[in-house]
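# Reading the structure
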Number of protein chains: 2
Amino acid sequence: MQLEEAKANFIQEWGTLGSKWGINRTMAQVHALLLISPESLSADNIMEELNISRGNANMNLRALIDWGLIRKARKPGERKEFFYAEKDLWKVARQVMKERKRRELEPLQQVLDELKRVEAVEPEEIEFKKMMMDLSEFTNTAEYALDRMIQSEQKWMFDTFIKFLGQKNKDN
Amino acid sequence: MQLEEAKANFIQEWGTLGSKWGINRTMAQVHALLLISPESLSADNIMEELNISRGNANMNLRALIDWGLIRKARKPGERKEFFYAEKDLWKVARQVMKERKRRELEPLQQVLDELKRVEAVEPEEIEFKKMMMDLSEFTNTAEYALDRMIQSEQKWMFDTFIKFLGQKNKDN
DNA sequence: ATGATTTTTCTGAAATTTCTGAAAGTTCAT
DNA sequence: ATGAACTTTCAGAAATTTCAGAAAAATCAT
């Protein structure tokens, strides 16, 4: 397979994957393109490579910066802005966890804290309240686990986690 | 807050969260409704509660069954089918991991295995190949970790994981 | 301060996804 | 075998998301 074909395939695949995770397809494609570029790219480069408009490119570059997945750079002598992606995938993973936690988990927890205050007398009320409390416990544990993963600096995080579970599961 | 209001809020919130994760909003709402119902519900119940059409209800119920998140039940004497959700949230989480792994991670790995075979001489080719190999390593580790989590039967999974990380991180 | 260059915003259009409702299909008691 | 009860399918409609392109704003060299 030639490089150009391989690049196109990867960009397409990453875009598809993104959309399955609620991420705008173009945003994921821009990210893919920057992940595989040795040099940082300008908005014009990206527009050309992906055949998208200036407005679209700008919007998605902005969103990627907002997610902390890419950064702006200036090239000496150039007036344009250039963009490059964080390429350490463990950092990328941690950054995504961090953002999703902030944007989704924390607001959910607030809502659950409200909802679990419902008065519970009827079976339906009791069931509802119990589920809210279970969810609350679940999200709290998940939050704590995420915090640990986000803080951890090493890629061995998962490796050791796996080894650990391997041992513990013998007790079952 | 009254139960009816609380239920509506929860269903709405779960739907919104779902759509941020690439899950059809109505599908998430049907799931939410079943999560908080002490009794199993018929398609008609669900249509009425959520104000959706029969076709829509049917489609999303099937999808939820397909994801392994709800099941059919028959009530004695009744001809209709009834539906109920798995309510153990740790089981739900594991089931979602299992399905996303199968549907998304495994296909990605296949693609990466192809792409990392690209010939690498030019800097751009070398960068590309390196990223494909990094991604491949990353997804393999993730797959292994997921398998462990999916197999694990206990909710203490995360708790102990956390404790473990807490210790290890002191070495940094 | 000026104007050339680049970035950002915004609106209507296009594309995609989701939904409805009716028709077709299935199941089951008789 | 029939038909009532229920489920599934599907084509067109509706809703939502994404996008292009032009206009506005910002930036920078002079």
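Presented here is an overview of the structure given in this document. All figures in this text were calculated on a predicted structure; none of them were measured in a lab.

Turning our attention to the overall build of chain A. Secondary structure summary: chain A contains 7 helices and 3 strands in total. Order of helices (α) and strands (β) in chain A, N terminus to C terminus: α-α-β-α-α-β-β-α-α-α. When burial is assessed residue by residue, chain A has 47% of its 172 residues classed as buried. Counting contacts in chain A only where the partners sit at least 6 residues apart, residues at least 24 apart contribute 53% of the total. Counting only carbon and sulfur atoms, one obtains 48% of the accessible surface of chain A, whose full area is about 9,300 Å².

On to the packing of helix α2 (residues 25-35) of chain B against helix α4 (residues 54-66) of chain B. Residues and elements named next belong to chain B. Interhelical geometry of α2 versus α4 gives an angle of 75 degrees and a closest axis separation of 9 Å. One finds that α2 runs roughly perpendicular with respect to α4. Of the residues in α4, those touching α2 at T26, M27, V30, H31 and L34 are N56, N60, L61, A63 and L64. Along the lines of polarity and charge, the residues of the contact of α2 with α4 split into 6 nonpolar, 4 polar and no charged.

A few words on the protein's contact with DNA strand C. Near DNA strand C you find 17 residues, and of these N58(A), E81(A), T26(B), S53(B) and R79(B) are the closest. The sugar and phosphate moieties of DNA strand C supply 66% of its atoms located within 4 Å of the protein. Taking R62(A), its side chain carries an N or O atom lying 3.4 Å from a phosphate oxygen of DNA strand C. Within the side chain of N56(B), a nitrogen or oxygen atom sits 3.0 Å from a phosphate oxygen of DNA strand C. In terms of residue count, helix α4 (residues 54-66) of chain A provides more of the surface near DNA strand C than any other element does, 4 residues in total. Counted by class, the surface near DNA strand C contains 1 nonpolar, 9 polar and 7 charged residues.

Inspection of the region around DNA strand D gives 16 residues, with T26(A), S53(A), R79(A), N58(B) and E81(B) positioned closest. Within the contact set of DNA strand D, a phosphate oxygen lies 2.3 Å away from a side-chain nitrogen or oxygen of T26(A). Of all the secondary-structure elements, those providing two or more residues to the surface near DNA strand D are α4 of chain A together with α4 of chain B. The element best represented in the surface near DNA strand D is α4(B), accounting for 4 residues. The class makeup of the residues in the surface near DNA strand D is 1 nonpolar, 8 polar and 7 charged.

Turning our attention to the sheet that holds strand β2 (residues 70-74) of chain A. Strands pair in a sheet through their backbones, by hydrogen bonds, and they do so in one of two ways: parallel or antiparallel. Residues and elements named next belong to chain A. Pairing within the open sheet is antiparallel, and its 3 strands lie in the order β1-β3-β2. Two strands close off the open sheet at either side, each with one partner strand: β1 (41-42) and β2. Two strands pair when backbone bridges link them, and β2 and strand β3 (residues 81-85) are joined in this way by 5 bridges, in the antiparallel orientation. Counterpart to K72 in the pairing with β3 is F83. The sheet strands contacting α4 are β2 and β3, and the helix crosses β2 at an angle near 110 degrees.

What follows deals with the layout of surface pockets. In this approach the atoms are scanned with a rolling probe the size of a water molecule, which exposes any empty space left behind. All names here are of chain B. By volume, the largest pocket amounts to about 290 Å³. For the largest pocket, the lining is made up of 14 residues, of which G68, R71, E86, K91 and Q95 are closest to its centre. Of the residues forming the lining of the largest pocket, the biggest block, 5 residues, is contributed by helix α5 (residues 89-115). Of the residues belonging to the lining of the largest pocket, the class tally is 7 nonpolar, 2 polar and 5 charged. The two domains that each donate at least three residues to the lining of the largest pocket are domain 1 (3-85) and domain 2 (89-166).

Turning to the packing of aromatic side chains, a few remarks are in order. Across all of its chains, the model carries 7 aromatic pairs over all chains by this definition. Lying over the aromatic face of W67(A), R103(A) brings its terminal NZ or CZ to 4.1 Å of the ring centre.

Another aspect to go through is unusual backbone geometry. All names here are of chain A. The residue N51 is not glycine, and still its phi comes out positive at about 55 degrees. If you trace the backbone, N51 turns up in the loop between α3 (43-50) and α4. By relative accessible area, which is 71% here, N51 ends up exposed.

What counts, and where the lines are drawn
Residues numbered from 1 in each chain as written. Chains lettered and ligands numbered in written order. Predicted model: local features only at pLDDT ≥ 70, side-chain atom pairs only at ≥ 80, totals over all residues. Heavy atoms only, no water. Helix = DSSP H or I, 4+ residues; strand = E, 2+ residues; numbered from the N terminus. Buried < 20%, exposed > 50% of the residue type's maximum accessible area, 1.4 Å probe, protein only. Contact = heavy atoms within 4.5 Å. Areas by Shrake-Rupley, 256 points an atom, 1.4 Å probe, with all protein chains shown as cover. Axes fitted to C-alpha atoms, helices over the stretch in contact; angles between N-to-C directions. Parallel < 35°, antiparallel > 145°, perpendicular 65-115°, else oblique. Nonpolar A, V, L, I, M, F, W, Y, C, P; charged D, E, K, R; others polar. Near = heavy atom within 4 Å. Polar contact = N/O pair within 3.5 Å; in protein donor to acceptor, adjacent residues only side chain to side chain. Pairing = 2+ DSSP bridges. 1 Å grid on protein atoms, 1.4 Å probe; cavity = no way out; pocket = protein on both sides within 12 Å on 5 of 7 lines; lining within 4 Å. Points joined across faces, edges and corners; volume = space filled by probe spheres on them. Domains from an automatic or database assignment. Phe/Tyr/Trp six-rings, centres within 6.5 Å; stacked < 30°, edge-to-face > 60°. Lys NZ or Arg CZ within 6 Å of the ring centre and 35° of its normal.

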